[in-house]
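Report on the structure
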Amino acid sequence: MENQTGQTPKKNSNVIYFLIVVVLALLATDVYLYLQKNKSDTKIVYQNDEKTRLQTELDSLEAQIEQVNIGKTKMSAEMQAKNDSLKTKIKVLRGELAKGKLTQKELDKAQEDIKQLRYFVTNYTAQIEELKKQNTSLASERDTLKTTLKSATQKDSTLEKQNQDLGVKVKVGSAIKLATSDVVAYKLRGSGKEIDTKRASPAKKIKINFTVASNDIAEKGMHDIYVRIVDPTGNLITESDSGNFNADGQDLQFTYKTSIDFKNDGAAYVIDWVNPSAFQKGEYTVVLYADGYTMGKTGFSLK
């Protein structure tokens, strides 16, 4: 009986120890599971925060690209390709980050990709800014050249007009002019002798006597002289061989054409003109032209 009583307490102790071990094991398991869950929750929170940060950085990089493109800077094909490539990479990374859960490896890769992308975007924007500066400089140079060209063109136009004006002045100045003039009517005798007359009925011809004013810039030599004679009724007297000439910017018909040898020596000249029809009573106007301009005007009267 004593032996049985002594074994019972020993068996009970073993059971108690076993239960204690089981309880401790359960507690340890709960603690482990709690810690693992807490660690997992912390990891998920970390991954979500990192995804948000990376997405924000992608927004910033995309905004940086758009900002440098606002100026509509004309890019080379290479720069345009780089711009498109960067935008494509951002789109791909956005797609990666949009996944429900990322492994640590995927997250690390995304971080590395964005790091490289940041470098490329920074380099790209620096190139665009430099291109903008160059374009601004070129635009400034272009505007300066335009202004210079406009000024030079205006100057050339002014000089050309001045030259034209000077040419006109020289041309006008070089044209010979009358110094003195008078016209005498003559009748002709059978013997051919000429006798001056003031009467219209016997008059057959006139002599235009004139001298030319001194002119150092006038060309010495032969000068064509055009004569226009207007009768008392205001009509120009013409002959069958009368032609046209230009003077004072007008096309005119002449009565008679001849030439003189101008030597700028004050010599006197005479132009003989025979009227193809009868003279009328009244005032006649005689105008001489040379070198494209009016030489002078004179006249005579017949009774």
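Cut-off values and rules
Residues numbered from 1 in each chain as written. Predicted model: local features only at pLDDT ≥ 70, side-chain atom pairs only at ≥ 80, totals over all residues. Heavy atoms only, no water. Helix = DSSP H or I, 4+ residues; strand = E, 2+ residues; numbered from the N terminus. Buried < 20%, exposed > 50% of the residue type's maximum accessible area, 1.4 Å probe, protein only. Contact = heavy atoms within 4.5 Å. Areas by Shrake-Rupley, 256 points an atom, 1.4 Å probe, with all protein chains shown as cover. Pairing = 2+ DSSP bridges. Axes fitted to C-alpha atoms, helices over the stretch in contact; angles between N-to-C directions. Patch = residues over 30% accessible without salt bridge, like charges linked within 9 Å, V, L, I, M, F, W, Y side chains within 5 Å. Salt bridge = Lys/Arg side-chain N within 4 Å of Asp/Glu carboxyl O.

Moving on: the overall build of the chain. When you go through the chain residue by residue, the secondary structure sums to three helices and 10 strands. For the chain, the proportion of its 303 residues judged to be buried stands at 28%. Put simply, 71% of the contacts in the chain that link residues at least 6 apart link residues at least 24 apart. Of the accessible surface of the chain, which amounts to about 20,400 Å², a share of 54% is contributed by carbon and sulfur atoms.

On to the sheet that holds strand β7 (residues 256–262), then. As summarised here, the arrangement of the four strands in space is β7-β4-β9-β10, forming an open sheet in which the pairing is antiparallel. Bordering the open sheet on either side are β7 and β10 (293–302), each of which pairs with just one other strand. Each strand of the sheet is rotated relative to its neighbour by a mean of 25°, with strand direction disregarded. Two strands pair when backbone bridges link them, and strand β9 (residues 282–290) and β10 are joined in this way by nine bridges, in the antiparallel orientation. Following the sheet pairing, Y289 is matched in β10 by T294.

Moving on, we get to a nonpolar patch on the surface. A cluster of nonpolar residues, I16, Y17, I20 and L24, forms a patch on the protein surface that exposes about 430 Å² of accessible area. Residue position: Y17 is located in helix α1 (residues 2–69). Taking relative accessible area as the criterion, Y17 reaches 54% and is therefore assigned exposed.

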